[in-house]
Every structure is written in structure tokens, then in C-alpha cells.
Amino acid sequence: AAGQLQSLSRFADQLEQAPRCRSVTMREAIANGVEALTQGQPVRLTHASAEWRAHSWDDDVIMAEVGSEPLEMLAMPQPEHPTIDHQHQALVEPARYGVYFGDYLRLLDLLSPQQHEEHAPSPTFAAYIAQLNLLRLPNLLKHVCLPRVMPPAALSIANLWVGGHLMRNGLHFDLYDNLLF
């Protein structure tokens, strides 16, 4: 992956010289305390969600909680977000649509490789639900255990992102800390 990133980048030399993020397990983070994670450097926290009941979520569980609420769906012209337009040397922002979760699931079914002939071209775009606010979905939020190294008072937002099998998330910067589950 790193070699592929360098081949796409005009800044390969700078990327090679960039510092690497440190990685700690949840157990190490708890032992070191929250202060060790707030040193102003990115940290890859591993095994943070091992005990979460959210591992049992499926489409039906999420549908039961958000089925009647309109959501924001983002569509990308390629399966990777952010998408780079090499011809114009620019990032392509996703198109935003209002959608119900059931309609989103039907779209994912249509995009599924099982829905296409063996030699038919693959879909050329991907869609995902962005920023599904777990603070407004208490039945789902109770399945997410906040680790002791992330006290509730330190959190300002708790979003869930739902993507289909085609969606990949490329290298990008977020204003908020992230836990990848």
C-alpha cells in the first residue's frame, strides 16, 4: 500500500521522510492513561472494540433504529474516498443525497457483484452513510463501550459511518479523533 501511495503522489520523498504513527493496544493505553494519548501525535489504538456488543450489528439491527429517519448518503465516483482526479490534480468531493436506510440497503444490493453478469463491468461508484449520530440512537450507543482512556467528557461527537463492500477509505485528515471498528 505504501508503494502504491508513493507512486500516486507528487510528494513521494516527503512521504518517505514523514514520521510513522505509534501503535498501542487498548490494554497499554489503559495502563498509560489518557494523557499518553493526548500528546498531539496520531496514535493507532488496536483492539479497542474487542468487547463491544456492536460486533453483532447487522442491517436489520441498524434498520430497526434508523429505518424511518432520513440520513445523508454520500456517493463517490470511484470506490475509494477521497477520490483523486489525476487529470486535474484535485480531490473529488462526494455527492450528497438524502435517503432512508432501507433505500440505501437496496442500492447496496444493486451494486453487489452478485447482481451482475460474470463479465459485466463492476459499478463505478460507491455509496456510504456518513455521520450517523449515535448520540441520537441510544439503543445502538449502548452497544459501544467507551474505553477508560476516552472519558465521555472528552468526546464531542459519536458518529457511525456505514459503507458497503465496495467502499474503501483512503488516506485523509479528519478534524476529530477516530476509532475504526
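Residues numbered from 1 in each chain as written. Predicted model: local features only at pLDDT ≥ 70, side-chain atom pairs only at ≥ 80, totals over all residues. Heavy atoms only, no water.

A.B. asks: Can you explain the overall build of the chain? Please cite residues and give values.
C.D. replies: A count of helical and extended segments in the chain gives six helices and ten strands. Expressed as a percentage of contacts within the chain between residues at least 6 apart in sequence, the contacts between residues at least 24 apart total 67%. Roughly 13100 Å² of accessible area belongs to the chain as shown, and the carbon and sulfur atoms make up 53% of that amount. (Helix = DSSP H or I, 4+ residues; strand = E, 2+ residues; numbered from the N terminus. Contact = heavy atoms within 4.5 Å. Areas by Shrake-Rupley, 256 points an atom, 1.4 Å probe, with all protein chains shown as cover.)

A.B. asks: How would you sum up the packing of aromatic side chains? Please name residues and give values.
C.D. replies: The tally for this structure, following the rule as stated, stands at one aromatic pair. Centroid distance phenylalanine 101 to tyrosine 104: 5.9 Å. Interplanar angle 40 degrees. Geometry classified as tilted. Taken together, the residues span about one helical turn, with phenylalanine 101 and tyrosine 104 both in helix 5 (residues 101-111) at a distance of three residues. What makes phenylalanine 101 buried here is its relative accessible area of 0%. Taking the relative accessible area as the measure of exposure, tyrosine 104 reaches 0% and is therefore buried. (Phe/Tyr/Trp six-rings, centres within 6.5 Å; stacked < 30°, edge-to-face > 60°. Buried < 20%, exposed > 50% of the residue type's maximum accessible area, 1.4 Å probe, protein only.)

A.B. asks: Provide a residue-level description of the nonpolar core, including the pertinent values.
C.D. replies: Trp57, Val66, Phe101, Tyr104, Ile129, Leu132 and Leu134 are the most contacted members of the largest nonpolar core, which totals 26 residues. Counting only elements with at least two residues in this core, the list comes to helix 4 (59-66), strand 3 (70-76), helix 5, strand 8 (126-133) and strand 9 (159-163). It is strand 8 that provides the largest number of residues to this core, a total of five residues. Val24, Met26, Ala29 and Ala48 belong to the second largest nonpolar core, which has five residues in total. (Core = buried A, V, L, I, M, F, W, Y, C linked by side-chain atoms within 4.5 Å.)

A.B. asks: Can you explain the packing of helix 4 against helix 5? Please cite residues and give values.
C.D. replies: The geometry of a pair of packed helices is captured by two quantities: the angle between their axes and the separation between those axes. In contact at an axis separation of 9 Å, helix 4 and helix 5 are set at 150 degrees when each is read in the N-to-C sense. The angle between helix 4 and helix 5 falls in the class roughly antiparallel. On helix 5, the residues touching Asp59, Ile62, Met63 and Val66 of helix 4 are Phe101, Gly102 and Leu105. Each residue belonging to the contact of helix 4 with helix 5 can be placed in one class, and the counts come to five nonpolar, one polar and one charged. (Axes fitted to C-alpha atoms, helices over the stretch in contact; angles between N-to-C directions. Parallel < 35°, antiparallel > 145°, perpendicular 65-115°, else oblique. Nonpolar A, V, L, I, M, F, W, Y, C, P; charged D, E, K, R; others polar.)

A.B. asks: Which residues make up the environment of leucine 137, and what are the values?
C.D. replies: Among the structural elements, leucine 137 can be located in the loop between strand 8 and helix 6 (138-141). Taking the C-alpha atoms as reference, leucine 137 lies 7.9 Å from valine 66; in sequence the two are 71 residues apart. Setting aside chain neighbours within four positions, we find leucine 137 in contact with Glu65, Val66 and Leu132.

A.B. asks: An account of the sheet that holds strand 8 is requested, with residue identities and associated values reported.
C.D. replies: Overall, antiparallel pairing links the four strands, which are arranged 7-3-8-9 in an open sheet. Edge positions in the sheet fall to strand 7 (95-100) and strand 9, since each of these pairs with one other strand and no more. Between one strand and the next, the sheet's axes are offset by a mean angle of 30 degrees, whatever the strand orientation. Relative to strand 8, strand 3 is paired through four bridges, and the arrangement is antiparallel. Pairing of methionine 76 across the sheet is with alanine 126, part of strand 8. (Pairing = 2+ DSSP bridges.)

A.B. asks: Can you explain the layout of surface pockets? Please cite residues and give values.
C.D. replies: Empty pockets left among the atoms are what a rolling probe the size of a water molecule brings to light. Quantified by volume, the second largest pocket comes out at close to 200 Å³. In terms of lining residues, the second largest pocket is bounded by Val66, Glu69, Pro70, Leu71, Glu72, Ala130, Gln131, Leu132, Asn133, Arg136 and Leu137. When residues of the lining of the second largest pocket are traced back to their parent elements, those giving at least two are strand 3 and strand 8. Broken down by element, the lining of the second largest pocket gets its largest block of residues, four residues, from strand 8. Grouping the amino acids of the lining of the second largest pocket by side-chain chemistry returns six nonpolar, two polar and three charged. (1 Å grid on protein atoms, 1.4 Å probe; cavity = no way out; pocket = protein on both sides within 12 Å on 5 of 7 lines; lining within 4 Å. Points joined across faces, edges and corners; volume = space filled by probe spheres on them.)

A.B. asks: Describe the side chain of threonine 46, with residues and values.
C.D. replies: As for its placement among the helices and strands, threonine 46 is situated in strand 2 (residues 43-46). Residue threonine 46 is classed as buried on the basis of its relative accessible area of 13%. Setting aside anything within four residues of it in sequence, one finds threonine 46 in contact with Ser23, Val24, Thr25 and Met26.

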